[in-house]
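An overview of the molecular structure
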Amino acid sequence: MTEKVGVLGKKPPRRTGVERVVNAPLPTVYGTFQAIGYLDHDRGDEQVALVYGDLGTDGVLTRLHSECLTGDAFGSQHCECGDQLVSALRAVVAEGAGVVVYLRGHEGRGIGLLAKLRAMALQAEGLDTVEANLALGLPVDARDYGAAAGILQDLGIRSVRLLSNNPRKREALVRHGIQVAEQVPLLIPPCENNITYLRTKRERLDHHLPHLDAVAHLS
Ligand SMILES: [Zn+2]
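A few points on the structure. (Residues numbered from 1 in each chain as written. Predicted model: local features only at pLDDT ≥ 70, side-chain atom pairs only at ≥ 80, totals over all residues. Heavy atoms only, no water.)

For the rest of this paragraph, the subject is the side chain of E107. Along the polypeptide, E107 turns up in helix 3 (residues 107-110). Other than its neighbours up to four places away in sequence, E107 contacts E67, C68, L69, G112, L113 and K116. (Helix = DSSP H or I, 4+ residues; strand = E, 2+ residues; numbered from the N terminus. Contact = heavy atoms within 4.5 Å.)

Below you can see the structure in the form of structure tokens.
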């Protein structure tokens, strides 16, 4: 790819961070959001934030949803991502204001779609989700939240009430300059297909999932 050269022969300064590109109304079955599209100049990803109502600056109900094609689009029961996305969209509508940032590039905790499917194949053979990533020579969690923080900053948000069970998301946001006033649990009732996966998230990835205690009867 040839680089652009300015009129005086100098390269224009390379843009960094996220750039707001478009804002479109998005009516959904949950309510009408504003779909705000961003280009992440650091990683080249196209990102979108679904904004509902007037956000304000502090204590904004916020979900950073890691892309999961199988869970979000296909209703996979391997994980609980699809139910979490729906619950988060419903929660911000019920609240009257909030934002769901849908983070592309986060498939399989950042290893990519094909690697995630490989890891799922290994899990079907008995490895847990952590062992499967490691068996593939991949990181257990490679997700980066710099773009998410940049999007929240662009939206004028200083502090959030974060819809998440994952302490690492909270820590990452704080590291990137967004205050987390509260972590709001997003607990999905487990099913037979995902109980082992969810227990691994609790035991090996420190996710806060107290509701799993009530379902000891699932295999
Ligand atoms: Zn998922």
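Back to the write-up after that little detour.
Our focus in this paragraph is the coordination of the zinc ion. A metal bound by six donors in octahedral fashion has ideal angles of 90 or 180 degrees, whereas one bound by four tetrahedral donors has an ideal angle of 109.5 degrees. Within the protein, C68 (SG), C79 (SG) and C81 (SG) serve as the donor atoms for the zinc ion, at 2.1 to 2.3 Å. In terms of primary sequence, the donors binding the zinc ion are separated according to C-x10-C-x1-C. Separated by 13 residues along the polypeptide, C68 in the loop between strand 4 (60-66) and helix 1 (69-72) and C81 in helix 2 (residues 81-95) bring together distant segments of the chain. Grouping residues by exposure puts C68 and C81 together as buried. (Donors = N, O, S within 2.8 Å, 3.2 Å for Na, K, Ca; no water. Buried < 20%, exposed > 50% of the residue type's maximum accessible area, 1.4 Å probe, protein only.)

Moving on, we get to unusual backbone geometry. Positive phi, close to 55°, is recorded for R109, a residue that is not glycine. Within the fold, R109 resides in helix 3. The phi dihedral of D206 falls on the positive side, at around 65°, and the residue is not glycine. Position of D206 among the secondary structure elements: in the segment after helix 8 (195-205).

All of the buried residues in helix 6 (residues 146-154) are A147, A148, A149, G150, I151 and L152. Directly after helix 6, the chain includes G156, whose backbone phi takes a positive value near 80°.

With that settled, consider the layout of surface pockets. Put simply, the second largest pocket is a space of about 170 Å³. Elements supplying a minimum of two residues to the lining of the second largest pocket: helix 4 (113-124) and helix 8. Looking at the lining of the second largest pocket, the element that brings in the most residues is helix 8, giving 4 residues. Partitioning the lining of the second largest pocket into residue classes produces 5 nonpolar, 8 polar and 2 charged. (1 Å grid on protein atoms, 1.4 Å probe; cavity = no way out; pocket = protein on both sides within 12 Å on 5 of 7 lines; lining within 4 Å. Points joined across faces, edges and corners; volume = space filled by probe spheres on them. Nonpolar A, V, L, I, M, F, W, Y, C, P; charged D, E, K, R; others polar.)

A word on the pairing of strand 7 (residues 179-184). The sheet contact formed by strand 6 (residues 159-163) and strand 7 spans 5 bridges and is parallel. Paired with L163 across the strands is V184, a residue of strand 7. This β-α-β element, strand 6 to helix 7 (residues 167-175) to strand 7, shows right-handed connectivity. (Pairing = 2+ DSSP bridges. Right-handed = clockwise from strand over helix to strand, strands pointing away.)

Tallying each qualifying case throughout the model produces 0 disulfides. Here C191 is not cross-linked by a disulfide; its sulfur's nearest cysteine counterpart is in C79, at 9.9 Å. Overall, the relative accessible area of 21% leaves C191 in the partly exposed class. (Disulfide = S-S within 2.5 Å.)

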